[in-house]
Every structure is written in C-alpha cells, then in structure tokens.
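# Topology and contacts: notes
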Amino acid sequence: MRNNSYRSVKQVPLLILCMAVFFMLLQLELSIKQKENNKYSFQQLTKPQNVDFYRMISLGSNRLMSYLLAIGLQLHDNQKGKHVSYSRLDYDFLSQWLRTVYLLNPDSEYPAFLASRVYSQVKEKNKVRLMIQQIELMFESNPQKFWRRMTEACLLAKHQLKDLDLALNLAKQISSLPQSIKMPFWARDMKLILLDELDQNESAALLIVSLLQSGQIIDTDEKRFLEFRLSKIKQKMSEFGQ
Amino acid sequence: MFSQTIALFRYLLSGLINTRLLILLLGITLTGILSGQYISELAIINSKLIGLAFTAELLRYCLLFFMVVSIAYRISQDYELGQFDRLLSMPITRAQYVFSQLLVILTAGFIFSIPVIVSMPFFASFPLAVYWFLSVYLELILIGLFTMLAILSLEKLPVAIIFSVAAYLLSRLIPQINSALEQSVDYYSDEVTFRFSEYLFKLLQYVLPTSSSFAQNNILFELVVNWENLIEQSLSVFIYGGFLLFISLIDFYRKEFNH
C-alpha cells in the first residue's frame, strides 16, 4: 500500500494560500447575497405598455399575445412560490392591464373572466368597483359577448359592495338591450333576482345554475370552474344550514 | 439536364440531412408538446386553445430559425470549400445550381415541418394540424428563398443570417409600422424625417412579401380550417418566391468565381 504522507502547509506558496482564502470568502459572500435575494419580497404590478406596442411585437399573432399577457398577469400573484393576496395588487395598474389585454383581442373572454371571477374576490370596495368598471366597459363595446359577465357584476355590486343602486343600474343596462341581442329571459330580468331577498350564496348559486343550464358556456374549462364554484357554494350553504 | 439537376440536388441534400438534424427535430417536437401542455395547465379558461396557439407559434419560430441557419450554412460551405469552382468546371449551368437549391429548400422545408404535424394533433383536430403544417411549410419555403438570396449575394454566414432574419421581421412588422405612421400623421405631417420614413415604409410594403404570405396564428382560435386563407398564402408565396428566385439567379450569374 502506498504511504500517503504530506508535506507541511508551509511548503505551499503564500500566494496560493491567499488566493484559496480569497475565493472562499467570495463564495461565502455570494451565498449570503443569494440567500438575501431568495427572501420573499413582493413585486408590485407595473404599468402596461401601450396596446400598439404589444400588437407590434406579436408580429400579427395578437390573439395569442393577449392570452399570454393574461396568463402572465394571472401568475403575478404567485411570487417565489408564494401566493400573494389580490388585495396587495395595484388595482389601477391591474385595470389597465385588463384593458390592454382586452383591446389586443376583443374576442377574448379572459380579461372579463379575470375581472369578474378572480380579481373581484377582495374585500376593498374601491377595488371591486374598478373591476365592475372594466366589465362595464367590455359590455358596452360588445354586449352579446359580455352580458354574462355583466350579470355577475350585478351580484358583485349587490353583495360585495352592498350598493343596490349600482346593481340595479347595471341590471337596467342589460334589460335595455335590444331584442336582437340573444340572452336568456332571466338575464333580462336580473332586476327581479337583485330585488329578491336572496343572500350572496343563494344568488351566486342561482346565477351559476342558470348559466350552466343556458347552454351558453361552451368552454369546458369554464364549465368545470363554475361547477367547482357551485359545489363550494353548496358546501358552504349546507355548513350554515341554509 | 433534368437528371443532372436531380443529381446535384441529391448531392446538396445529403449535406443537409443527417442524424443530428433528425435528433434536433425530435427535440423541437418534444419541446413544442411539453411547453404547449405547460401553458394549457396555467390557463383557467380556453386552455386547449391557448396551448394550441402557443405550440404552433413556438414551432413556427424554432423551425424558421433552423431553416435559415441550415440553408445559409449549407451554401456558405460551397463558398468556403471552393465547391463553386469545381461545380462550374463541370457541365452544370448556374441556373441548375440555383434550381437544385430550390429543390433542397422545398424538401428541407417539408422535413422541417414534420414536428408540426406530429405535435399539433395533441391540441387540435387533424385537419387543423394539416392546415398549420402547410402554412408553416409555405413560410419555410419563403424564408429559405430569402436565405438563399442572402447567402448567394453576401457570401458570409453571419451576415446572411442576420439579413434573412431582419428581412423576415421587417416583412412581418411592415403593416404595424404603417398603421402606426398613419396614426401619427396628424402630429408630425410637417416634419421632413417623418414624411421620408412614411414614404420609405410605404415603398417597402411593395418590395417585401405581404402579410398574407405568412402563417396566421389568429386563425387557429377559430378552430375551423380556413382553406381560402391557405390558397391566398400559396399564391403570395408563389409570386414572391418566384421574384426571389430570379433575383438570386441574376445575382448568381453576375458573380465571378475565378478569384
């Protein structure tokens, strides 16, 4: 067997020892910095660019670009593996993002869906109001496409904002649409649902059931999403003995 | 003469198609499928549509870049290894060389489009996959011809690649640039530089291929095969391809190889 005997450390040139220590210190510094960077720090939404900018960089694929921006926006509340409460988001910028995504692809339901079903789930009334405004804007430009979101906005106004006047005003906008706009009778009679003494869970369940039965929801993902929401609402109702 | 062209085409193609290329195509196919599935998972609604459009777009750009690099590299090798001197000392005309390269572009474009037909059925119906396959194939032919013109006239690989990519991007951006300029007319109409750029981009609109020459990703969201659009694209590519081909021929005939 070979005898592994070493010479003294003193035999190593001083420069090499110094360099080894220097690089070890650098490595420690780097590790500390990386650890600090990995600490959770919330990054706020930034202002979106002009819609023409996104249209230009999409090279003609503006529809795909709008969906990718919407997904990017939707993922903003997941930062470094942690879910951030929607309340912490800047809703002015969020509204601008939703508007940009909509303008980039007016055929997409994604921004209206995010406004009515995702970002409206906050307690701050001014933030919910901003989301309702976005839905209203989309509804004004294409009532046939967005009447469903408008009915959801009615319930948001009634139950989350406790603003029956606003809810009735929104319902009036739906009922005053010409007959050429095809929608189920209950949507035109949204005023009756609002004036009924139903609580938030009951009216949400009623709306989801009506939407599912109307046959207007073609997208399987949305159907699944609504069915999941309905089962959750029913569970809540049974817990409270309603 | 025809058999000579075919023989030359087979020789040129053998320098392009190899095992490494097939592995790369397999890699692109897998990347397309996996990234499309990943994007689908992220979307709350319309997930299948988004996955479909994303995969289609990703494959298109990967394959376009791949086509540009492959064609430019293949022809640049002919310059570097002095193949032109050898080929032209044989009873082969310059036109035969260019037509053989055209056949290489047509064949390579078809082979490079295979990842589209393999990955797209994971997200869409087979007819829609065929539609996108043909649409990307036409676009690959166009960019292949652009690259052939660039490398034949510029002779240097990096410059030819940059030129081809720039020409492609400019062709895709021209409609957007023109619409932006039209919107700015009220503010800058008195400025000479503005008028000059407006004139320049309007002129470029006629020199570069029209937007109908390119695959239209937006159509995928309709989930209906738009054959009319494909016919229009074929016609645009045929016309512009012919223009590029004959410009390449003029340039190639004017070249002096006996340095």
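The paragraphs below set out a description of the structure included in this document.

Let's shift gears to the environment of Leu 14 of chain A. Residues and elements named next belong to chain A. Within the secondary structure layout, Leu 14 lies in helix H1 (residues 14–38). Residue classification places Leu 14 among the exposed residues on the basis of a relative accessible area of 63%. Between the alpha carbons of Leu 14 and Gln 34 there is a distance of 30 Å; along the sequence they are 20 residues apart.

Counting residues at the interface gives 24 residues for chain B and 24 residues for chain A. Between chain B and chain A lies a buried interface of about 2,200 Å² when both sides are counted; carbon and sulfur atoms form 65% of it. When the buried area of chain B at its contact with chain A is split by residue, Ile 44, Ile 45 and Asn 218 of chain B rank highest and sum to 30% of it. Summed over the shared surface of chain B and chain A, the number is 1 salt bridge. Elements with a minimum of two residues in the side of chain B that touches chain A: helix H2 (19–42), helix H3 (47–80) and helix H8 (157–188) of chain B. In terms of residue count, the dominant contributor to the side of chain B that touches chain A is H3 of chain B (8 residues). Of the residues that constitute the side of chain B that touches chain A, the class distribution is 13 nonpolar, 6 polar and 5 charged.

By the definition in use, this model includes 16 aromatic pairs over all chains. The interplanar angle of 45° and the centroid separation of 6.0 Å between the aromatic rings of Tyr 54 of chain A and Trp 97 of chain A together place this pair among those described as tilted. Here Trp 97 of chain A lies in helix H4 (residues 91–104) and Tyr 54 of chain A lies in helix H2 (residues 51–57), a separation of 43 residues in the sequence. For the residue pair Tyr 54 of chain A and Trp 97 of chain A, the accessibility class agrees, reading buried in each case. Aromatic pair Tyr 168 of chain B and Phe 214 of chain B: ring centres 5.5 Å apart, planes at 85°, arrangement edge-to-face. With Tyr 168 of chain B in helix H8 and Phe 214 of chain B in the loop between helix H9 (192–207) and helix H10 (227–253), this residue pair connects regions lying 46 residues apart in the sequence. Owing to a relative accessible area of 7%, Tyr 168 of chain B belongs among the buried residues under this scheme. Among the aromatic residues, those joined into a cluster by ring pairs are Tyr 67, Tyr 110 and Phe 113 of chain A together with Phe 221 of chain B. When the ring centre of Tyr 61 of chain B is taken as reference, the NZ or CZ atom of Arg 60 of chain B above it lies at 5.3 Å.

Criteria and cut-off values
Residues numbered from 1 in each chain as written. Chains lettered and ligands numbered in written order. Predicted model: local features only at pLDDT ≥ 70, side-chain atom pairs only at ≥ 80, totals over all residues. Heavy atoms only, no water. Helix = DSSP H or I, 4+ residues; strand = E, 2+ residues; numbered from the N terminus. Buried < 20%, exposed > 50% of the residue type's maximum accessible area, 1.4 Å probe, protein only. Contact = heavy atoms within 4.5 Å. Buried area = accessible area lost by both parts, 1.4 Å probe. Salt bridge = Lys/Arg side-chain N within 4 Å of Asp/Glu carboxyl O. Nonpolar A, V, L, I, M, F, W, Y, C, P; charged D, E, K, R; others polar. Phe/Tyr/Trp six-rings, centres within 6.5 Å; stacked < 30°, edge-to-face > 60°. Lys NZ or Arg CZ within 6 Å of the ring centre and 35° of its normal.

Geometry only, nothing functional implied.
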